[in-house]
Amino acid sequence: MSEKRKRTAMLPRVRCHEHERQTVREKAADCGMSVGQFMLAAALGRKTKTRVDEHILNELRLLGGQQKALFREGGGALQREYAALLAEITRAITRLGS
């Protein structure tokens, strides 16, 4: 029997505010899961991975490379601003890619 057919137990419905309902639905959709699968995974402490289009990550990497090139061409002008922006792009890539 498949894993899905072995799951026969049911959980009760959960009462929540409309904005909470919408948030859970959006997060489940981001993960490519049903609301029930998402809530079960979250309750059991399993990782839920947001599906991010690989194209978006590649664009962020490209922007980071262009930012780095501009920093080098600038000869150190606005060093703190460039460093802060590059760090933020790196954090975004890490956050979206994991």
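Just above sits the structure.
Residues numbered from 1 in each chain as written. Predicted model: local features only at pLDDT ≥ 70, side-chain atom pairs only at ≥ 80, totals over all residues. Heavy atoms only, no water.

Would you mind going over the packing of aromatic side chains with me for this structure?
Each aromatic ring pair is characterised by the separation of its centres together with the angle its planes make. This model, assessed by the stated rule, comprises 1 aromatic pair. Summarising the aromatic geometry, the rings of Phe 71 and Tyr 82 are spaced 5.7 Å apart at their centres and angled 65° between planes, so their arrangement reads as edge-to-face. Linking Phe 71 in helix α4 (residues 54–73) with Tyr 82 in helix α5 (residues 79–97), this pair joins segments that are 11 residues apart in sequence. (Phe/Tyr/Trp six-rings, centres within 6.5 Å; stacked < 30°, edge-to-face > 60°. Helix = DSSP H or I, 4+ residues; strand = E, 2+ residues; numbered from the N terminus.)

Any chance you could explain the pattern of salt bridges here in plain terms?
Any two side chains of opposite charge can pair, given that their charged atoms come close. In this structure the tally under the stated criterion is 2 salt bridges. Put simply, Arg 21 and Glu 18 hold a salt bridge, and the shortest N to O gap is 2.9 Å. One end of the pair is Arg 21 and the other is Glu 18, both in helix α2 (residues 18–31) and 3 residues apart, which spans about a single turn. Take Glu 18: its relative accessible area is 51%, and that puts it in the exposed class. For Arg 91, the salt bridge identified is with Glu 88, shortest N-O distance 2.7 Å. Of the two residues, Arg 91 and Glu 88 both sit in helix α5, 3 residues apart, roughly one turn of that helix. Judged by relative accessible area, which is 45%, Arg 91 ranks as partly exposed. (Salt bridge = Lys/Arg side-chain N within 4 Å of Asp/Glu carboxyl O. Buried < 20%, exposed > 50% of the residue type's maximum accessible area, 1.4 Å probe, protein only.)

In this structure, what is going on with the nonpolar core? I would like to understand it.
What tends to happen in soluble globular proteins is that the nonpolar side chains get buried as a cluster. Among the nonpolar cores identified, the biggest contains 5 residues, and these are Leu 57, Leu 60, Ile 89, Ala 92 and Ile 93. Secondary-structure elements contributing two or more residues to this core are α4 and α5. At 3 residues, the largest contribution of residues to this core is made by α5. (Core = buried A, V, L, I, M, F, W, Y, C linked by side-chain atoms within 4.5 Å.)

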